[in-house]
Amino acid sequence: MDEADFNALADAELEHLEGLLDACELDFDYEVKPGGVFELEFDNGTKIIVNRHSAAREIWLAAKSGGFHFRPDGGRWLGTRDGADFYAVLSRCMTEQAGESVSLQG
C-alpha cells in the first residue's frame with residue numbers, strides 16, 4: 001500500500017472515529033488537529049492521542065497505559081503486537097482514564 005492509499009484509508013477511519021466520539025455519552029473534550037491528530041482530554045486532566053503515522057502506515061494511540069500501533073487488516077485496524085482491535089483498545093483506555101465504562105464500536 002502506498003502512502004496516498006494509506007492516508008485515504010486512515011483518514012476515512014479517523015472520520016469514522018470522530019462520529020463515534022461525537023455520539024459518545026461520556027463527558028470529555030476532544031480536538032482534531034492538522035495531520036490526522038485527535039487529542040482527547042478527560043476531566044482529570046489525562047489525555048489520549050490518536051494519530052495517523054504515514055511513514056509506518058499505522059494509526060498510533062498514546063494513553064496513560066502505554067502506546068499502541070494499529071495496521072489495517074481486512075477492514076479493521078489491528079494491533080501490531082497482539083492483534084487487538086483498535087476500538088476495543090481505545091474503549092479500554094478511555095474507560096481507564098475517565099473512570100466510566102466506554103464502548104466504541106468500529
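Whatever comes next refers back to the structure up there.
Going along each chain's sequence as written, the residues are numbered from 1 onward. Where local features are concerned, this predicted model is filtered to residues with pLDDT of at least 70; where side-chain atom pairs are given and counted, the filter is 80 or more; whole-chain, interface and lining totals use all residues. Water and hydrogen atoms play no part in the side-chain values, which are based on all heavy atoms of the structure.

Student: Quick question: what am I supposed to make of the side chain of R52 here?
Tutor: Only DSSP runs of H or I with at least four residues qualify as helices, and only runs of E with at least two residues qualify as strands; both kinds are numbered from the N terminus onward. Checked against the element boundaries, R52 lands in strand β3 (residues 47-53). As used in this structure description, the phrase polar contact means that two N or O atoms lie within 3.5 Å; if the pair is within protein, one of them must be able to donate a hydrogen and the other to accept it, and residues adjacent in sequence are counted only when both atoms belong to side chains. A polar side-chain atom of R52 sits 3.5 Å from the main-chain carbonyl oxygen of G35. Should any heavy atoms of two residues lie within 4.5 Å, those residues are considered in contact. The residues contacting R52, other than those within four sequence positions of it, are F6, N7, A10, D11, L14, G35, G36 and E58.

Student: Is there a simple way to explain the packing of aromatic side chains in this structure?
Tutor: Each pair of aromatic rings is reported with the distance of its centres and the angle of its planes. Centre distance within 6.5 Å is the pairing criterion for rings of Phe, Tyr and Trp, where only the six-membered ring of Trp is used; planes under 30 degrees apart are then read as stacked, over 60 as edge-to-face, and the remainder as tilted. All told, the structure shown has six aromatic pairs when counted by the stated rule. Relative to Y87, the ring of F86 has its centre 4.9 Å away and its plane inclined at 75°; by these criteria the two rings are edge-to-face. As far as the burial class goes, F86 and Y87 line up, both buried. An aromatic cluster is defined as three or more aromatic residues linked by ring pairs; in this entry it consists of F28, Y30, F38 and F42. For the exposure calls, accessible area comes from a 1.4 Å probe over protein chains only, and a residue counts as buried if that area is under 20% of its type's maximum, exposed if over 50%, partly exposed in between.

Student: I would appreciate a short explanation of the pattern of salt bridges in the present structure.
Tutor: Charged atoms that come close allow side chains of opposite charge to pair. The term salt bridge refers to a side-chain nitrogen of Lys or Arg lying within 4 Å of a carboxyl oxygen of Asp or Glu. What the rule picks out here adds up to six salt bridges. The shortest N-O distance in the salt bridge between E58 and R71 comes to 3.0 Å. Residue E58 is found in strand β4 (residues 58-63), and its partner R71 is found in strand β5 (residues 66-73); the two are separated by 13 residues along the sequence. Assessed through its relative accessible area of 5%, E58 is described here as buried.

Student: It is not clear to me how unusual backbone geometry should be interpreted in this structure. Could you clarify?
Tutor: In most cases, non-glycine residues show a negative phi, while peptide bonds are predominantly trans. In the Ramachandran plot, R57 falls in the positive-phi region, its phi being about 60° despite a non-glycine side chain. By the element assignment, R57 lies in the loop between β3 and β4. You can call R57 partly exposed: its relative accessible area is 24%.

Student: Can you walk me through the nonpolar core in this structure?
Tutor: General note: in soluble globular proteins, nonpolar side chains tend to be found buried as a group. Counting residues in hydrophobic clusters, the biggest one holds 28 residues, and the most contacted among them are L17, I48, V50, L61, F86, M94 and L104. Those elements that place two or more of their residues in this core are α1 (3-23), β2 (37-41), β3, β4, β5 and α2 (86-98). Those residues in contact with M94, other than ones at most four positions away along the chain, are L21, C24, L26, F28, L40, F42, I48, G99, E100, V102 and L104. Throughout, nonpolar core names a set of buried Ala, Val, Leu, Ile, Met, Phe, Trp, Tyr and Cys residues whose side chains join them through atoms within 4.5 Å.

Student: It is not clear to me how the sheet that holds β5 should be interpreted in this structure. Could you clarify?
Tutor: Each strand in a sheet pairs with its neighbour through backbone hydrogen bonds, running either in the same direction (parallel) or in the opposite one (antiparallel). Only strands joined by at least two bridges in the DSSP assignment are considered to pair. Here we have six strands laid out as an open sheet, ordered β1-β2-β3-β4-β5-β6, and antiparallel in their pairing. Strands at the two margins of the open sheet, each flanked by one partner only, are β1 (29-33) and β6 (76-79). Each strand of the sheet is rotated relative to its neighbour by a mean of 20°, with strand direction disregarded. Taken together, the four bridges between β5 and β6 define a ladder with antiparallel strand orientation. Within β6, the position partnered with F70 by the bridge is G79. Each of β1, β2, β3, β4, β5 and β6 touches α1; the most contacted strand, β3, lies at about 155° to it. For helices, the fitted line uses only the C-alpha atoms of the stretch in contact; every axis is such a line through C-alpha atoms, and the angle between N-to-C directions lies from 0 to 180 degrees.

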